[in-house]
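Structural overview
The lines below spell out each chain.
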Amino acid sequence: MSVNKVILVGNVGKDPEVRHLDSGVAVANFPLATSESYTAKNGERVTTTEWHNIVLWRGLADVAEKYVTKGRQLYIEGRIRTRSYDDKDGNKRYITEIYGDTMQMLGTKADNQGGDVQNKQQSSPISTPAASEPQIDEPSGDEDLPF
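Overview of the structure.

Definitions and cut-offs
- Residues numbered from 1 in each chain as written.
- Predicted model: local features only at pLDDT ≥ 70, side-chain atom pairs only at ≥ 80, totals over all residues.
- Heavy atoms only, no water.
- Helix = DSSP H or I, 4+ residues; strand = E, 2+ residues; numbered from the N terminus.
- Buried < 20%, exposed > 50% of the residue type's maximum accessible area, 1.4 Å probe, protein only.
- Contact = heavy atoms within 4.5 Å.
- Areas by Shrake-Rupley, 256 points an atom, 1.4 Å probe, with all protein chains shown as cover.
- Polar contact = N/O pair within 3.5 Å; in protein donor to acceptor, adjacent residues only side chain to side chain.
- Salt bridge = Lys/Arg side-chain N within 4 Å of Asp/Glu carboxyl O.
- Core = buried A, V, L, I, M, F, W, Y, C linked by side-chain atoms within 4.5 Å.
- Phe/Tyr/Trp six-rings, centres within 6.5 Å; stacked < 30°, edge-to-face > 60°.
- Lys NZ or Arg CZ within 6 Å of the ring centre and 35° of its normal.
- Pairing = 2+ DSSP bridges.

**Brief notes about the overall build of the chain**
Scanning the chain for helices and strands turns up two helices and seven strands. Start at the N end of the chain and walk to the C end: the helices and strands fall as β-β-β-β-α-β-β-α-β. Here the chain holds 147 residues, and the buried ones make up 31% of them. For the chain, long-range pairs separated by at least 24 residues make up 54% of all intrachain contacts whose partners lie at least 6 apart in sequence. A total accessible area of about 10,500 Å² is found for the chain, and carbon and sulfur atoms account for 47% of it.

**So, unusual backbone geometry**
Backbone geometry places Arg58, a non-glycine residue, at a positive phi of 50°. Here Arg58 shows up in helix 1 (residues 58–67).

**Quick look at the side chain of Thr34**
Relative to the helices and strands, Thr34 resides in strand 3 (residues 26–39). Judged by its relative accessible area of 17%, Thr34 falls in the buried class. Reaching out from Thr34, the side chain makes a polar contact with the side chain of His52 at a distance of 2.8 Å. Among residues more than four places away in sequence, those in contact with Thr34 are Leu8, Val9, Gly10, Thr48, Thr49, Glu50 and His52.

**Section: the pattern of salt bridges**
Evaluation of the coordinates by the stated rule reveals six salt bridges. The partner of Glu77 in a salt bridge is Lys5, with the nearest N and O atoms 2.8 Å apart. With Glu77 in strand 5 (residues 73–86) and Lys5 in the segment before strand 1 (6–12), this pair connects stretches of sequence that are 72 residues apart. Judged by its relative accessible area of 52%, Lys5 falls in the exposed class. Linking Lys14 and Glu17 is a salt bridge whose minimum nitrogen-to-oxygen distance equals 2.9 Å.

**A word on the nonpolar core**
Membership of the largest hydrophobic core comes to 19 residues, with the highest contact counts inside it found for Leu32, Ile54, Leu56, Leu74, Ile76 and Met103. Of all the secondary structure elements, the ones that give two or more residues to this core are strand 1, strand 3, strand 4 (45–57), helix 1, strand 5 and strand 6 (92–105).

**A word on the packing of aromatic side chains**
Within this structure, the stated rule accounts for one aromatic pair. Centre to centre, the rings of Trp57 and Tyr99 are 6.4 Å apart; their planes meet at 40°, and the pair counts as tilted. Separated by 42 residues along the polypeptide, Trp57 in strand 4 and Tyr99 in strand 6 bring together distant segments of the chain. Trp57 gets classed as partly exposed once you look at its relative accessible area, which sits at 27%. Overall, Tyr99 belongs to the buried group, its relative accessible area being 17%. Directly above the ring of Tyr99 sits Arg81, whose terminal nitrogen or CZ lies 5.4 Å from the centroid.

**So, the pairing of strand 3**
Relative to strand 3, strand 1 runs antiparallel, the two sharing two bridges. Following the sheet pairing, Asn11 is matched in strand 3 by Ala33. Pairing between strand 2 (residues 17–20) and strand 3: four bridges, direction antiparallel. Looking at strand 3, one finds that Arg19 is bridged to Val27. The antiparallel pairing of strand 2 with strand 3 creates a hairpin that spans five residues between the two strands, and Gly24 there sits at a positive phi of about 95°.

Structure, rendered in structure tokens:
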């Protein structure tokens, strides 16, 4: 058995780019920044930022198109995928992406839209089944457990 699961909490680096494939399926791409800080031996505070390429499909892409903007703090749960392509000079290039299965908008509406600070409304998690993976029915609890 193996597990490919990523959980990220970070800030959107630029507004999502959303495309619609010929089949009508929506796909959204945007960078997400995660940062960590530590104190170096010399006492200086150091912050490092990692940039992640986020890919959302179907319903999540539609939500991202409507509500996700640069600077918004997001919780993303998904899988790491690395793919290759040939650039214009024929060189093989690799890109690592996070295919998001779940997204939650964090912070308050006011934090992200400049509205009234007293209007604090949290979003609930949004997820869609991955296109390439079969749906697995959850057990009803009536089955005998093997342990």
